[in-house]
Amino acid sequence: MSDNTDNTTGDPTRRDALKYGSSLAAGVALAGCSELAGQSDGVETDGSESYTVTMPPMGEVTFDAVPETWMAYFSTYADMAIALGQLDGLQGLIYTENWPSAFYDALPGVDVSFDDVPQLMSEGGIDKETFYDLQSDVHLFDPNFISVLDDSWESADFDEVSTGIGPIVGNSIRRRGDDWHDYPYYSLYEAFDVIADVFQQRERYEALNEIHESLLSEIRSELPPNEERPTVGLLSINSNFEKGAFYAYPVHDGNGHKQYRDLEMRGAFDDEIDGGYAEWDYERLLEIDPDALLFQYGFSHVSTEQFEQRMDAMREDPVGKRLTAVQNDRLYRGGTSYQGPIINLFQTEAAAKQFYPETFGEWNGLETLSNGDERLFDYDRVADIINGEFER
């Protein structure tokens, strides 16, 4: 365990300026909180003015300086920080794998790589000492979800990290209804609003929010009538295609399916599943027989080649090949359910083209991203915002 002084001078380090200011006191990490915030008592600052952000479950957190370094759980809050121009300060991730990196590659002048970023999750769980090695100014994750991943983590461990190293800010928003999540949920942009206040990047947040609102406004104005929309079945790409054992999902209310709700997707399985998911075979899929099949995590967990191999298994199965979606070649890579604002923009665009090609243009795989004539939002503008080269 390290202290908060420079080993060469003994003087207080910048770590001392980043105070954990929760009003909930020790043990706060696993406590519920009734506020739905996004509040910030701070303004744009040069680092000399303190400010407070509030987000359950951690409650109020006070910063006496803007964080320069950070770590995060995965691609929801980390994507927010990247969107706010903070990539250079990234010190570690609970998971560095299974990101939809092709989306970042489509942004000119934006280079996102985790080759040198430590992954904190290992076969032995999450090692607390690694947090001391990283010495991040702020930790972007929901402590309750971390304890779900590694049940050896307890309230006292999170309090130790937040007081001895740097504050914890985060609220798990991927899905709703988990029994451990007994405090308010956030929408994507409500959570992004708070993280913008953490890094004091209000202008970047507002500029990206404008793009998001413009994209949704354009899409909603062009959506075909409900009866002309296809039914879409949501499956996991991590299903067993050879054995015909599939994880099927309804469209849920969490951030993980935000783009599908925004597109008013007709979820073929919504009325067929009681709960978060079901395990079905080819015969059950054929009974419902959606117009299109969308494979969640298709952009993040498999390559293009791996995706096509799994689709071939479905095309070659004696029952699978009878599916309407197979016969009409409407088998699509779906988004990761861990999406921040950048990933969400791309996943919304992709889904719009997959569901409504006559309206928004054909989806022809990831190469569609290179077609500048049919983009639904301004890639250059997004890149400029991330790089801090934009005007309001």
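Being a predicted model, the structure only gives us computed values, none of them experimental.

### Re the pattern of salt bridges
Next, step 1: Under the definition given, this model contains 13 salt bridges.
Next, step 2: A salt bridge links Arg 315 to Asp 312; its shortest N-O distance comes to 2.7 Å. Separated by three residues within a single helix, Arg 315 and Asp 312 lie in helix 10 (residues 304–316), roughly one turn from each other.
Next, step 3: The exposure class of Asp 312 is partly exposed, given its relative accessible area of 32%.
Next, step 4: Residues Asp 329 and Arg 315 are paired through a salt bridge, measuring 3.6 Å at the closest nitrogen-oxygen approach. A residue pair is termed long-range when its members are at least 10 positions apart, and Asp 329 in the loop between helix 11 (324–327) and strand 14 (331–333) and Arg 315 in helix 10 qualify at 14 residues.
Next, step 5: Among the ionic contacts, a cluster of salt bridges with common partners joins Glu 308, Asp 312, Arg 315 and Asp 329.

### Details of the sheet that holds strand 8 (residues 168–169)
Next, step 1: Across the sheet, which stays open at both edges, the four strands sit in the order 4-3-7-8 with parallel pairing between neighbours. In this open sheet, the two strands that pair with only one neighbour each are strand 4 (90–93) and strand 8.
Next, step 2: Sheet topology note: the strand 3 (residues 70–72)/strand 7 (residues 138–140) ladder contains three bridges and is parallel. The residue of strand 7 that forms the bridge with Trp 70 is Val 138.

### Comments concerning the pairing of strand 13 (residues 292–296)
Next, step 1: The buried count for strand 13 comes to five of five residues, which makes it a mostly enclosed element.
Next, step 2: Of the two faces of strand 13, the one carrying Ala 292, Leu 294 and Gln 296 and the one carrying Leu 293 and Phe 295 are both buried.
Next, step 3: Relative to strand 14, strand 13 runs parallel, the two being bridged by three bridges. Its bridge partner being in strand 14, Leu 294 is matched across the sheet by Tyr 332.

### Thoughts on the environment of Asp 105
Next, step 1: With respect to the helices, strands and loops of the structure, Asp 105 is situated in helix 2 (residues 101–105).
Next, step 2: On the basis of relative accessible area, Asp 105 is assigned to the exposed category, the value being 58%.
Next, step 3: Along the sequence, Asp 105 and Ser 370 sit 265 residues apart, while their C-alpha atoms lie 9.9 Å from each other.

### A look at the environment of Met 265
Next, step 1: Here Met 265 shows up in the loop between helix 8 (258–262) and strand 11 (266–267).
Next, step 2: Apart from the residues lying within four places of it in its own chain, the contact partners of Met 265 are Val 232, Leu 234, Val 251, Tyr 260, Phe 355 and Tyr 356.

### A short note on helix 7 (residues 202–222)
For an α-helix, the turn length of 3.6 residues means that residues three or four places apart are oriented alike.
Next, step 1: Compared with the 30 Å implied by 1.5 Å per residue over 21 residues, the 30 Å span of helix 7 between its first and last C-alpha is a close match.
Next, step 2: For helix 7, the complete set of buried residues consists of Arg 204, Tyr 205, Ala 207, Leu 208, Ile 211, His 212, Leu 215, Leu 216 and Ile 219.
Next, step 3: For helix 7, the secondary structure elements touched by its buried residues are helix 1 (77–83), helix 6 (188–198), helix 8, helix 12 (341–355), helix 13 (357–360) and helix 14 (379–387).

### As for the pairing of strand 1 (residues 51–55)
Next, step 1: With respect to burial, strand 1 is a largely interior element, five of its five residues being buried.
Next, step 2: Burial along strand 1 is two-sided: Tyr 51, Val 53 and Met 55 and Thr 52 and Thr 54, pointing in opposite directions, are all buried.
Next, step 3: For strand 1 and strand 2 (residues 59–63), the ladder comprises five bridges, and the chain directions are antiparallel. Within strand 2, the residue paired with Thr 54 across the bridge is Glu 60.

### Observations concerning unusual backbone geometry
Next, step 1: Residue Pro 57 follows Pro 56 across a cis peptide bond; omega there is 10 degrees.
Next, step 2: Take Pro 57: it is sitting in the loop between strand 1 and strand 2.
Next, step 3: A positive phi angle is found at Asn 98, which is not glycine, with a value near 65 degrees.
Next, step 4: With respect to the element layout, Asn 98 can be found in the loop between strand 4 and helix 2.
Next, step 5: Taking the relative accessible area as the measure of exposure, Asn 98 reaches 31% and is therefore partly exposed.
Next, step 6: For Tyr 297, which is not glycine, the phi dihedral falls at a positive 70 degrees.
Next, step 7: Looking at where Tyr 297 falls in the secondary structure, it is placed in the loop between strand 13 and helix 10.
Next, step 8: Judged by relative accessible area, which is 9%, Tyr 297 ranks as buried.

Rules behind the numbers
Residues numbered from 1 in each chain as written. Predicted model: local features only at pLDDT ≥ 70, side-chain atom pairs only at ≥ 80, totals over all residues. Heavy atoms only, no water. Salt bridge = Lys/Arg side-chain N within 4 Å of Asp/Glu carboxyl O. Helix = DSSP H or I, 4+ residues; strand = E, 2+ residues; numbered from the N terminus. Buried < 20%, exposed > 50% of the residue type's maximum accessible area, 1.4 Å probe, protein only. Pairing = 2+ DSSP bridges. Contact = heavy atoms within 4.5 Å. Expected span 1.5 Å × (residues − 1).

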